[in-house]
Amino acid sequence: MKKQLATYPLRLPESPKAAVAEASRRDGTSIDRFVTTAVAEKLSAMRTAEFFAECRSDADFERARRILFRDGGWPPEPEDRLP
């Protein structure tokens, strides 16, 4: 199956364009690939934030506090303790 690609003429001021060119050069990719990856990462971060915002609306914070501060359980094993 062939990927469908869309083109978008992107206009950048010279300074950010130069920074993108340098970053993509260091990354060993083309400017096109670098910008595509940056857009995908931003979309992923936005979707993740939306997901956690939705989860937060369903959260029962009081119940979570009761679980976190309940009595009982076992202390950590010696190898589980931080130095």
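Residues numbered from 1 in each chain as written. Predicted model: local features only at pLDDT ≥ 70, side-chain atom pairs only at ≥ 80, totals over all residues. Heavy atoms only, no water.

> Looking at this structure, how should I read the overall build of the protein?
Helix and strand counts for the protein stand at three helices and zero strands. In sequence order, the protein lays out its α and β elements as α-α-α. Here the C-alpha atoms of the protein give a radius of gyration of 23 Å, more than 25% beyond the 12 Å that 2.2 N^0.38 yields for 83 residues. In terms of overall dimensions, the protein has a C-alpha envelope of 60 × 35 × 35 Å along the principal axes. (Helix = DSSP H or I, 4+ residues; strand = E, 2+ residues; numbered from the N terminus. Rg over C-alpha atoms; globule rule 2.2 N^0.38 Å.)

> Even after reading the chapter, I still don't get the packing of aromatic side chains, so can you show me in this structure?
Describing an aromatic ring pair means giving the distance of the ring centres and the angle of the ring planes. Scanning the entire structure with this criterion turns up one aromatic pair. Taking the centre distance of 5.2 Å and the plane angle of 75 degrees together, the rings of Phe51 and Phe52 count as edge-to-face. The class for Phe51 is partly exposed, based on a relative accessible area of 48%. Exposure remark for Phe52: the relative accessible area of 52% places this residue in the exposed category. (Phe/Tyr/Trp six-rings, centres within 6.5 Å; stacked < 30°, edge-to-face > 60°. Buried < 20%, exposed > 50% of the residue type's maximum accessible area, 1.4 Å probe, protein only.)

> How should I be thinking about the confidence of the model for the protein in this particular structure?
It should be kept in mind that the predicted coordinates are not to be read in detail where pLDDT is low. Averaged over every residue, the pLDDT of the protein is 92; residues scoring 70 or more account for 99%. Within the protein, no element has a lower average pLDDT than helix 3 (residues 61-68), which sits at 92, and none a higher one than helix 1 (residues 14-27), at 96. (pLDDT = per-residue confidence, 0-100.)

> I would appreciate a short explanation of a nonpolar patch on the surface in the present structure.
Where nonpolar side chains cluster on the molecular surface, the patch consists of Tyr8, Leu10 and Leu12 and spans about 350 Å² of accessible area. Locating Tyr8 in the fold gives a position in the segment before helix 1. A relative accessible area of 67% places Tyr8 in the exposed class. (Patch = residues over 30% accessible without salt bridge, like charges linked within 9 Å, V, L, I, M, F, W, Y side chains within 5 Å. Areas by Shrake-Rupley, 256 points an atom, 1.4 Å probe, with all protein chains shown as cover. Salt bridge = Lys/Arg side-chain N within 4 Å of Asp/Glu carboxyl O.)

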